[in-house]
Amino acid sequence: MRNNQIYLNPSEMPTEYYNILPDMPEPMAMPLNPGTKQPISPEDLAPLFPEELIMQEMSPERFIKIPEEVLELYSLSRPTPVHRAYRLEEFLGTPAKIYFKYEGVNPAGSHKTNTAIAQTYYNKRAGVKKIVTETGAGQWGSALSIATQHFGMELEVFMVKVSYHQKPYRKTLMQLHGATVHASPTNLTNSGRQILEQDADSPGSLGIAISEAVEIAANSSDTNYSLGSVLNHVMLHQTIIGEEAKIQLAKVDEYPDIIIASAGGGSNFAGLSFPFLRDKLTGDKKDLRVIAVEPSSCPTLTKGKFAYDFGDTVGFTPLLKMFTLGHTFVPPAIHAGGLRYHGMAPTVSHLHKHGVIEAQNYHQIEVFDAARDFLTTEGILPAPESAHAIIAAITEAKKCKETGEAKTILFNLSGHGFLDLGAYDSYINNNLEDYKLPDEVIMRYFADLPVIEES
Ligand SMILES: *Cc1c(COP(=O)(O)O)cnc(C)c1O
């Protein structure tokens, strides 16, 4: 029998996160205080985050020890397997070897628990009683609800309204874990009321939900805010994915030529790729190609601007230098495939700006076609977000078929799609549309970018 899955023993589990900051090609632009437009200090972040996460956000240390309690909770599902997609390779007739890291086995079905557990642990240690957050379709909120329940903390979630109504089951999962869930925009915050005054039927967006959650956390002493992607400490926690994958591939004498992951805020991409990028930035793997994949309807890396922008719609968060479509961007509601955030992690943006990584975008119907081919060959229903990585892997494998090269491709299957069957139902009934964000529309959102004088 062939070896489809490469497992690690718990004893082989990595015990440190990898921090890419010291290995960056150039120093990164500092986040700015939204009021003074000066570089932020740790105190600026103190109302929202515990000290240890603020330290991680700016840490110069290359490796950061994973706390014992965090490793213990990770052991519910980690180490996660690496699979060789033999049946997909045969279906494509490619000489390429396709491997994927499967994060869908985690509680709540995606990689997001990797940082939810770590963030909740550090907040608990800092004496915080309650966490408030936003969630789009509910992946992040449900991951966080598992962690807050475990550590005996309260959780309040602002869920983007269109998803709250279209995808109610993740809300149910959060509620089972004891969380309070609101459809955002709400009239519970100034931010929400401000949006509802402009548009009473606003479908909401991640940017709006972040404004609501940050407002609550900033105004309460025992409550902190938690973000599921974008920030440096989130990327850091996700590197457990790539650190494991490296050991797993080494067991079969492999090292990838191409690494692929979907990119919404950048965390599953960073998580898989950064430990390998260490070898490209500081070692001999100069030819390693690393590809971030996004939807054509929200083309942040491929069409966005590299500029200072807010992480939220109202403008509470620090200004981050990143690829962005503009913080006022509201994604089209017809889009079923996730990955709808206006910005991109500053670390991922910086690497793209310096040509270390590549970015591609695909239309949603071809993404769902790839998801179906993956399901029917490998037997796993992917999250639509993860299917963006699948289509890019298939595209690269088909190129190998043309050139006859047996490249090794590794992609991140960031989650399963069992709570996305509504989107798959639309797909098989031909109710999905392709939507490419027109350049004129992008230019209009760019006009709202904050004006920052940079020396
Ligand atoms: C949230 C999510 C993503 C996108 O977020 P990143 O921070 O870019 O990883 C991708 N895949 C799945 C399954 C998700 O839940």
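Parameters at a glance
Residues numbered from 1 in each chain as written. Predicted model: local features only at pLDDT ≥ 70, side-chain atom pairs only at ≥ 80, totals over all residues. Heavy atoms only, no water. Helix = DSSP H or I, 4+ residues; strand = E, 2+ residues; numbered from the N terminus. Buried < 20%, exposed > 50% of the residue type's maximum accessible area, 1.4 Å probe, protein only. Contact = heavy atoms within 4.5 Å. Areas by Shrake-Rupley, 256 points an atom, 1.4 Å probe, with all protein chains shown as cover. Lys, Arg positive; Asp, Glu negative; His and termini not counted. Charge placed at Lys NZ, Arg CZ, Asp CG, Glu CD. Pairing = 2+ DSSP bridges. Phe/Tyr/Trp six-rings, centres within 6.5 Å; stacked < 30°, edge-to-face > 60°. Lys NZ or Arg CZ within 6 Å of the ring centre and 35° of its normal. Axes fitted to C-alpha atoms, helices over the stretch in contact; angles between N-to-C directions. Parallel < 35°, antiparallel > 145°, perpendicular 65-115°, else oblique. Left-handed = near helix turned anticlockwise from the far one by under 90°. Nonpolar A, V, L, I, M, F, W, Y, C, P; charged D, E, K, R; others polar. Expected span 1.5 Å × (residues − 1). Near = heavy atom within 4 Å. Polar contact = N/O pair within 3.5 Å; in protein donor to acceptor, adjacent residues only side chain to side chain.

Caption draft 1: Here's a closer look at the overall build of the protein chain. On a plain count of helices and strands, the protein chain comes out with 19 helices and 15 strands. Seen along its three principal axes, the alpha-carbon backbone of the protein chain occupies a region of about 60 × 50 × 50 Å. The buried share of the protein chain, taken over its 455 residues, is 62%. Counted over contacts in the protein chain with a minimum sequence separation of 6, partners at least 24 positions apart contribute 77%. A total of about 17,500 Å² of accessible surface is found on the protein chain, and carbon and sulfur atoms cover 51% of it. Across the protein chain, the centroid of the 38 positively charged side chains sits 4 Å from that of the 54 negatively charged ones.

Caption draft 2: Structural detail: unusual backbone geometry. In this structure, the amide linkage connecting Arg 78 to the following residue, Pro 79, adopts the cis form with an omega of -5°. Tracing the backbone shows Pro 79 in the loop between helix 3 (68-74) and strand 4 (82-84). Its identity as a non-glycine residue notwithstanding, Ala 108 has a phi of 70°, on the positive side. In this structure, Val 230 takes a positive phi of about 70° despite not being glycine. By the secondary structure assignment, Val 230 is in the loop between strand 9 (223-225) and helix 11 (232-238). Judged by relative accessible area, Val 230 falls into the buried class, the value being 4%.

Caption draft 3: Molecular detail of the pairing of strand 15 (residues 408-413). When you tally the buried positions in strand 15, you get six out of six residues, the bulk of the element. Of the two faces of strand 15, both are covered, the one formed by Thr 408, Leu 410 and Asn 412 as well as the one formed by Ile 409, Phe 411 and Leu 413. With six bridges joining them, strand 5 (residues 97-102) and strand 15 adopt parallel strand pairing. What sits directly across from Phe 100, in strand 15, is Phe 411. Bridging between strand 10 (residues 258-262) and strand 15 involves three bridges; their strand directions are parallel. Bridge pairing in strand 15 places Ile 258 opposite Ile 409.

Caption draft 4: Geometry of the packing of aromatic side chains. This structure, assessed with the given rule, holds 13 aromatic pairs. Where Phe 368 meets Tyr 424, the ring centres are 5.1 Å apart and the plane angle is 65°; that geometry is what we call edge-to-face. Here Phe 368, found in helix 16 (residues 364-378), pairs with Tyr 424, found in helix 18 (residues 421-428); they are 56 residues apart in sequence, far enough to count as distant. A residue is classified by how much of its surface remains accessible, and Tyr 424, at 9% relative accessible area, is buried. Taken together, the aromatic side chains of Phe 100, Tyr 102, Phe 374 and Phe 411 make up a single cluster linked through ring pairs. If you follow Lys 246 out to its NZ or CZ, it ends over the ring of Phe 276, 5.8 Å from the centre. Here Arg 278 stacks its cationic end above the ring of Tyr 18, 4.5 Å away from the centre of that ring.

Caption draft 5: Focus on the packing of helix 6 (residues 139-150) against helix 8 (residues 168-176). At a minimum axis separation of 8 Å, helix 6 and helix 8 run at an interaxial angle of 15°. Accordingly, the angle class assigned to the pair helix 6 and helix 8 is roughly parallel. Like other packed secondary-structure pairs, helix 6 and helix 8 cross with a definite hand, here left-handed. Contacts between helix 6 and helix 8 pair Gln 139, Gly 141, Ser 142 and Ser 145 from the former with Arg 170, Leu 173 and Met 174 from the latter. Looking at the contact of helix 6 with helix 8 residue by residue, the classes come out as two nonpolar, four polar and one charged.

Caption draft 6: The arrangement of helix 17 (residues 384-403) in detail. For helix 17, which comprises 20 residues, the first-to-last C-alpha distance of 29 Å matches the rise-based estimate of 28 Å (1.5 Å per residue) to within 8%. Among the 20 residues that make up helix 17, 14 are buried, leaving the element largely enclosed by the rest of the structure. Residue Gly 404 follows helix 17 closely and has a positive phi angle near 75°.

Caption draft 7: Broad picture of the site of the ligand. As a structural note, the neighbourhood of the ligand is formed by 18 residues, with Lys 112, Ser 229, Gly 264, Ser 267 and Ser 414 the closest of them. One nitrogen or oxygen atom from the side chain of Ser 267 is found 2.7 Å from an oxygen atom belonging to the ligand. Between Asn 268 and the ligand, the recorded distance is 2.8 Å, taken from a backbone N or O atom to an oxygen atom. Of all the elements in the fold, those that place two or more residues in the shell around the ligand are helix 13 (267-282) and helix 17. Class assignment for the residues of the shell around the ligand results in three nonpolar, 13 polar and two charged.

Caption draft 8: Inspection of the sheet that holds strand 1 (residues 5-6) at higher detail. Strand order in the open sheet formed by seven strands is 1-4-5-15-10-11-14, and the pairing between neighbours is mixed. With one partner strand each, in any of the chains shown, strand 1 and strand 14 (358-362) form the two edges of the open sheet. Pairing between strand 11 (residues 289-295) and strand 14: five bridges, direction parallel. Looking at strand 14, one finds that Glu 294 is bridged to Asn 361. Where helix 12 (residues 240-251) meets the sheet, it contacts strand 1, strand 4, strand 5 and strand 15, and its direction lies at approximately 140° from that of strand 5.

Caption draft 9: Just the environment of His 111, in detail. Topologically, His 111 is positioned in the loop between strand 5 and helix 5 (113-125). When the C-alpha atoms of His 111 and Ile 6 are compared, they prove to be 18 Å apart, with 105 residues separating the residues in sequence.

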